[in-house]
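# Residue-level structural notes
Read off the chains here:
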Amino acid sequence: QIVPELFGLTRLRKLYLGSNYLEGRLPEEVGSARSLVSLRAQDNYRERENGSVLSRGITGSLPRSLLNLTRLEDLRLENNFLGGTIPPEFGHKLRNLAWLRLDLNVLRGRIPSSFGRLVDLKTLSLSGNYMNGPLPKELSNSIRMTTL
């Protein structure tokens, strides 16, 4: 479990929690760590060879408080069990994102057109979810995009 107190570290710039057996929600307190430029908690969903689940990884939905992390450049939460939808204002608030990996979760809904505001975005990976609808034409504004 990711303890909420961790996000009270006011100078915390990088938090790497990937490839563990962490389970539970990403706490709302994540939005208090306003100095974060990199948040990686990928690959916490784990299965045994027979397909039974060892760790469900990070569950629940993306906390709305993530939108407070305006310095964030790198958000990698792939291969967990995150559900719900991506907040529509994601691209309006997290303007510095260069790497966004939310693939291999259980996210649903449309890709927000606000992602077109992420002009520094190099990698956007949403595969292996339950997204629907067309790719927003606004993504063509992400002129640094190399991986989609």
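Attention here is on the structure that accompanies the text. This one's a predicted model, so the numbers in the text were calculated from it and none came from an experiment. (Residues numbered from 1 in each chain as written. Predicted model: local features only at pLDDT ≥ 70, side-chain atom pairs only at ≥ 80, totals over all residues. Heavy atoms only, no water.)

## A few points about the sheet that holds strand S3 (residues 38–40)
A sheet is described by the order of its strands in space; here 5 strands give the open sequence S1-S3-S7-S9-S11, paired in parallel fashion. Edge positions in the sheet fall to strand S1 (14–16) and strand S11 (123–125), since each has one partner strand and no second. Adjacent strand axes in the sheet meet at a mean angle of 10°, parallel and antiparallel pairs treated alike. With 3 bridges joining them, S1 and S3 adopt parallel strand pairing. (Pairing = 2+ DSSP bridges. Helix = DSSP H or I, 4+ residues; strand = E, 2+ residues; numbered from the N terminus. Axes fitted to C-alpha atoms, helices over the stretch in contact; angles between N-to-C directions.)

## Concerning the packing of aromatic side chains
Under the defined criterion, the tally for this structure stands at 2 aromatic pairs. Between the aromatic rings of Tyr45 and Phe81, the centroid separation amounts to 6.1 Å while the plane-to-plane angle is 15°, which identifies the pairing as stacked. In this pair, Tyr45 is assigned in strand S4 (residues 45–47) and Phe81 in strand S8 (residues 81–83), connecting sequence segments 36 residues apart. For Phe81, a relative accessible area of 29% translates into the label partly exposed. The ring of Tyr21 has Arg46 lying over it, and the distance from NZ or CZ to the ring centre is 4.8 Å. (Phe/Tyr/Trp six-rings, centres within 6.5 Å; stacked < 30°, edge-to-face > 60°. Buried < 20%, exposed > 50% of the residue type's maximum accessible area, 1.4 Å probe, protein only. Lys NZ or Arg CZ within 6 Å of the ring centre and 35° of its normal.)

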